[in-house]
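Structural characterization, general
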Amino acid sequence: MQDGVKSLAAAVAVLSIAGAGAAGIVVRQKIEVGTSIPVSGRSIQLEGLLASNDGMSQMPPSEFFFKLTQLLESQYVDPISDKTVLSAGAVRGMILSLADPYSTYLDDASYEQHLQRLKGIHEGVGVELYLRYDQEEINKLQAIGDGSLTPSEPVDAFMMIPELVISSVVQGSPADLAGLQPGDRILEVNDLHLLSSLEVKKLRELTELVELGDADEDELNRIRDEFREMAESIITPTRGMEHLQTGTAGSIDIVWERGDEELTAAVDKTDLSSVPLTIVDGVIKLNLIEGAADQLEAHLADQTELNLDLRGGQIGSSEELMKVMNLLLPPGKGGFLYDAENNLKSRITIEEGSTSQLKIAVLVDETTRGPAEILATALAEYADAEVSGPDMADEMIWVETRTVMSGSKVLGGYTLAIGEYQATEEAAQ
Amino acid sequence: MKPAARVVLILVFVFASFCTGFALKDILNGNKPSWAAFQALMKTEDAQATPTEVFKEHYGVIQARSYRPVNANRLKYAAMQGMMSSLGDPHTMFMEPTTAENFAIDTRGDFVGVGARLGEDLLGARVVVVFKGTPADRSGLKRGDIVVAVDDTSVGGMSTLEIVSYVRGEEGTIVELQVLREGEDDPIPIRIKRARVIIPTSEMIWMKDQRVSYISISQFAETTTEQFRESMIEAMKTDPKGIVIDLRSNPGGLLDTAIDMLDLLVEDREVVTLEDRNGRVESHRTRKGIIAKLTKEGSKASGPFFSASGDSVDWGGPVAILINEDSASASEIFAGVLQQYDLAKLFGEHTYGKASVQNVIPLIEGSSAKITIRRYYLPNRLDISRRVDDDGQYISGGLLPDYPVELEINSDTMLGEPGRDSQLDRAIEWIEAQS
């Protein structure tokens with residue numbers, strides 16, 4: 001071998017050895033944050049994340065996320081043993097930021113319960129709940145978000161604490177018997193308070209009035225005192241939700257508010273499992289939970305008429321709704337989804353659809369909401385169904401359920417409102 | 001050596017070098033190389049999706065499908081907030097650009113303005129507080145004045161925030177306010193030169209009837225040490241029977257400030273021990289007591305409490321510190337150290353229990369990350385970490401008062417006013433009993 005070649009070979013060898021060492025460091029870092037080894041071998045630099053002179057440049061979300069997890073990994077006081085919580089946390093944060101009552105993040109245990117309820121397995125006192133955010137704050141957030149308002153104050157965390165409100169009550173359940181109604185706001189469970197932005201607002205307004213000399217100081221002190229006492233025992237709305245929707249034994253003390261009235265009762269917890277389909281005197285009571293479409297299809301085999309009862313609607317899933325629509329609606333259009341600003345987002349198309357000339361009658365009332373209300377509306381428009389009963393709840397938000405998974409491990413899940421249903425395109429105007 | 005052997009040798013070196021690099025992190029930290037990390041390297045088959053991949057998937061879903069219009073930046077920051085709070089540490093958090101900016105102003109304790117706080121009023125803005133020694137104070141602005149115009153712009157009906165934005169401006173420029181004052185028929189013009197204003201975080205009030213100095217500290221900001229020093233000098237001048245330091249609802253602030261302030265009172269004692277993620281321990285001691293070296297009760301020195309040159313003096317008079325559940329962080333260090341060395345007694349209710357130190361790291365886009373980097377212990381390795389149950393209810397933690405006193409709240413309650421503040425009253429009662 002010539003000397004030149006030799007020294008070149010030696011240089012290559014040295015470089016390979018050094019390179020391997022560097023690669024080792026990089027690979028180790030990647031493994032620590034749980035990332036696969038990139039093909040490009042792009043080295044990781046936190047410099048891009050840290051503030052610099054060109055601090056206004058934007059970083060793509062996933063890069064931002066990755067670098068921030070690395071920063072956390074290298075700085076946080078405890079080793080982060082389970083890195084999957086980081087991604088679950090990020091999804092929770094995004095869902096919370098939507099401030100949408102129909103979009104809720106659920107941790108693994110609550111998500112499991114949610115899935116159970118979609119299968120008809122229902123525990124607790126018999127209520128469905130949602131989180132209601134202060135509309136003014138949401139508008140402000142949205143305005144800051146789209147750049148039409150420059151925030152002069154940080155986002156006020158106290159104003160972002162939602163109220164816990166009942167969306168529906170299972171008929172005949174302990175909650176129903178105790179007199180809880182949709183729209184009622186939960187104030188306390190087992191002597192634990194659910195503080196919301198409403199209370200904080202009340203206190204602030206009163207303080208202001210007292211400062212201006214327009215209100216009595218005694219009232220302020222009384223409310224302050226109340227606050228101080230409440231502060232001793234506060235729980236988050238989601239924890240409150242858990243208290244009300246889990247367990248089949250024992251009872252729970254509930255204080256709730258309807259208008260200006262404050263009501264209280266001890267309500268039993270029980271097993272409230274329901275089935276997708278029951279037939280009473282030839283009328284089919286349908287719950288849009290898992291199995292509804294299959295059971296309905298089996299029943300329809302030799303029928304020419306269908307009498308549906310969609311009242312007292314509980315929880316339902318859009319997946320099951322879609323299956324039932326595919327079963328009963330003719331192929332073609334199935335409706336339209338609009339976003340919160342009334343822009344058309346997507347069209348619902350019935351792929352296979354029904355070819356039979358089924359005569360459909362539907363019973364509804366003001367408790368018909370969500371998937372059930374969408375089904376009734378779609379049947380009236382596209383399947384010539386005769387819908388009878390009082391006005392429905394007018395709450396036709398199409399809600400998806402999504403699982404947050406890492407490999408085969410379920411981290412949690414969320415519901416996501418993806419649009420408001422309209423049967424026809426014209427109706428949007 | 002044969003070429004083949006040479007290649008093998010080089011490959012061995014390459015492998016060894018890779019392994020060294022891989023384990024470098026452990027070696028530098030003085031640990032054994034992590035076997036788990038090596039295993040993770042080999043395991044590729046049932047690899048879970050990385051956190052970044054999981055995040056990316058759902059970021060895409062939510063942005064594309066949400067019924068509510070989504071702003072991409074807002075969603076990004078919300079994700080970072082959620083991610084950082086998922087560690088379950090209430091003090092580790094992501095701060096969006098605007099939040100980060102306000103946090104910086106808060107802990108710096110100064111900003112350019114006139115030195116007054118404004119509140120809502122139908123006619124404009126009502127002056128709620130005029131801070132001592134600020135341009136507003138010097139120019140004669142008074143509490144209760146109503147600002148109706150700023151630089152010829154009528155501000156009636158505007159929001160307070162909007163009015164504040166008119167009042168603020170470049171350092172050194174002049175702003176002219178028209179204010180309504182009780183007893184005056186016409187608005188009075190007041191010209192104020194804008195300046196860097198320091199928000200007072202420590203104030204001394206001499207309670208003549210009780211012969212007690214009452215020092216209220218609202219925050220541990222950068223400027224607080226100097227303000228506290230002045231408060232203490234003022235207090236010493238009055239030859240008090242005792243001193244009450246009010247730390248109620250003081251959320252803390254900078255660790256260095258707490259240590260500097262203890263420097264003024266305690267000579268050469270351990271203040272706080274920090275422990276980082278690798279178990280490395282770092283202790284902070286105070287230097288020389290600069291103003292008033294507190295000594296144990298009963299050993300009250302005779303002679304002047306305060307030397308003309310401002311040198312250290314021994315002072316053995318009683319010190320009472322007021323605390324409540326909103327006293328946190330630097331407040332707990334300050335109160336806890338004096339309690340541990342038996343130099344002060346605590347009155348009120350247990351404190352919050354924040355036994356960790358955060359680092360604020362500025363990030364791009366004007367955002368920042370606040371990360372818990374260390375845990376701390378008070379002297380005698382006292383750990384005051386807050387413990388809560390599943391519902392987030394307090395179980396234990398924080399400093400416990402030597403004299404538990406609940407605050408009685410009624411229409412007459414006024415914090416910091418003897419006779420109208422049950423916790424302060426108890427502290428004064430104790431001071432009286434000492435002398």
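The structure under discussion appears in the preceding block.
Before going into details, it helps to say that this report is about the structure given with it. Just so we're clear, the structure is a prediction, and the values are computed from it rather than from any experiment. (Residues numbered from 1 in each chain as written. Chains lettered and ligands numbered in written order. Predicted model: local features only at pLDDT ≥ 70, side-chain atom pairs only at ≥ 80, totals over all residues. Heavy atoms only, no water.)

**Describing the sheet that holds strand 8 (residues 277-280) of chain A**
Residues and elements named next belong to chain A. In plain terms, the rule: Following DSSP output, two strands are said to pair if at least two bridges run between them. Strands are runs of DSSP state E lasting at least two residues, helices are runs of H or I lasting at least four, and both sets are numbered from the N terminus onward. Between N-to-C directions, angles span 0 to 180 degrees; the directions come from axes that are lines fitted to C-alpha atoms, helices contributing only their stretch in contact.
Spatial ordering of the open sheet is given by 8-9-10-13-14, a layout of 5 strands whose pairing is mixed. In the strand order of this sheet, the two ends are held by strand 8 and strand 14 (386-388), each with one partner. Strand-to-strand, the axes of this sheet are offset by a mean angle of 25 degrees, without reference to chain direction. Relative to strand 13 (residues 359-363), strand 10 (residues 305-309) runs parallel, the two sharing 5 bridges. Of the residues in strand 13, the one forming a bridge with Asp309 is Leu363.

**Here we look at helix 9 (residues 237-245) of chain A**
Residues and elements named next belong to chain A. Rule in force here: Relative accessibility under 20% of the residue-type maximum defines a buried residue, over 50% an exposed one, and the middle range a partly exposed one, all with a 1.4 Å probe and only protein chains included. Contact criterion: two residues are considered in contact whenever any of their non-hydrogen atoms come within 4.5 Å of each other.
Residues Pro237, Gly240, Met241, His243, Leu244 and Gln245 constitute the buried set of helix 9. In the core, the buried residues of helix 9 are packed alongside helix 4 (108-118), strand 2 (127-132), strand 3 (163-169), strand 4 (185-189), strand 5 (192-193) and strand 6 (251-258). Phi turns positive, to about 95 degrees, at Gly247, one or two residues after helix 9.

**So, the packing of aromatic side chains**
Put simply, the test is: For this analysis, a ring pair means two rings from Phe, Tyr or Trp (six-membered ring only for Trp) whose centres lie within 6.5 Å, classed as stacked if their planes differ by under 30 degrees, edge-to-face if by over 60, and tilted for the remaining angles.
What the rule picks out here adds up to 11 aromatic pairs over all chains. With centroids separated by 4.6 Å and ring planes inclined at 10 degrees, the aromatic side chains of Phe65 of chain A and Phe55 of chain B adopt a geometry described as stacked. A residue pair is termed interchain when its members come from two chains, as with Phe65 of chain A in helix 2 (residues 61-75) and Phe55 of chain B in helix 3 (residues 51-65). With relative accessibility at 0%, the residue Phe55 of chain B sits in the buried group. Aromatic side chains Phe228 of chain B and Phe334 of chain B sit 5.8 Å apart centroid to centroid with 90 degrees between the ring planes, which places their arrangement in the edge-to-face category. In this pair, Phe228 of chain B is assigned in helix 8 (residues 224-237) and Phe334 of chain B in helix 10 (residues 330-340), connecting sequence segments 106 residues apart.

**Focus: the sheet that holds strand 17 (residues 319-323) of chain B**
Residue and element names in this part refer to chain B. Read across the open sheet, the 6 strands follow the order 10-11-12-17-18-23; overall the sheet is mixed. Edge positions in the open sheet fall to strand 10 (202-207) and strand 23 (403-404), since each of these has one partner strand only. Set on the sheet, helix 10 makes contact with strand 12 (242-246), strand 17 and strand 18 (345-348); between it and strand 17 the angle comes to about 140 degrees.

**Points about the pattern of salt bridges**
The condition is simple: Throughout this description, the term salt bridge denotes a Lys or Arg side-chain nitrogen within 4 Å of a carboxyl oxygen of Asp or Glu.
Inspection of the entire model under this criterion finds 28 salt bridges over all chains. Note that Asp78 of chain A is salt-bridged to Arg375 of chain B, the shortest N-O span being 2.5 Å. Separated into two different chains, Asp78 of chain A in the loop between helix 2 and helix 3 (84-98) and Arg375 of chain B in strand 20 (residues 368-377) make up a pair that spans both. Taking the shortest distance from any N to any O, the salt bridge between Arg185 of chain A and Glu163 of chain A comes out at 3.8 Å. Taken together, the residues span a long stretch of sequence, with Arg185 of chain A in strand 4 and Glu163 of chain A in strand 3 at a distance of 22 residues. Neither Arg185 of chain A nor Glu163 of chain A differs from the other in exposure class; each is buried. Through salt bridges with shared partners, a single ionic network connects Glu163, Arg185 and Glu257 of chain A.

**Some remarks on the nonpolar core**
Worth spelling out the cut-off: Side-chain atoms within 4.5 Å link the members of a nonpolar core, which is a set of buried Ala, Val, Leu, Ile, Met, Phe, Trp, Tyr and Cys residues.
Counting 79 residues, the largest nonpolar core has Leu328 and Tyr421 of chain A as its most contacted members. Contact partners of Tyr421 of chain A, with chain neighbours within four places excluded, come to Met325, Gly334, Gly335, Phe336, Leu337, Ile348, Ile374, Thr377, Ala378, Tyr382, Met396 and Trp398 of chain A. Membership of the second largest hydrophobic core comes to 42 residues, among which are Leu264, Val266, Val271 and Leu343 of chain B.

**Regarding the side chain of Glu373 of chain A**
Residue and element names in this part refer to chain A. The line we're drawing: All tallies of charge rest on Lys and Arg as positive and Asp and Glu as negative; His and the ends of each chain are not included.
For Glu373, the position within the fold is in helix 12 (residues 371-382). Of the side chains with opposite charge, Arg369 comes closest to the buried, unpaired Glu373, at an N-O distance of 7.0 Å. Look past the residues within four positions of Glu373 in its chain and what remains in contact with it is Thr368, Met392, Ala393, Asp394, Glu395 and Met396.

**Concerning the pairing of strand 4 of chain A**
Residue and element names in this part refer to chain A. The buried count for strand 4 comes to 5 of 5 residues, which makes it a mostly enclosed element. Of the pairings in the sheet, the one linking strand 3 to strand 4 comprises 2 bridges and is antiparallel in character. Looking across to strand 4, one finds that Leu164 is bridged to Ile186. One ladder, built from 4 bridges, connects strand 4 with strand 6; its direction is antiparallel. Within strand 6, the residue paired with Ile186 across the bridge is Trp256. The antiparallel hairpin formed by strand 4 and strand 5 contains 2 residues in its connecting segment, where Asn190 sits at a positive phi of about 45 degrees.

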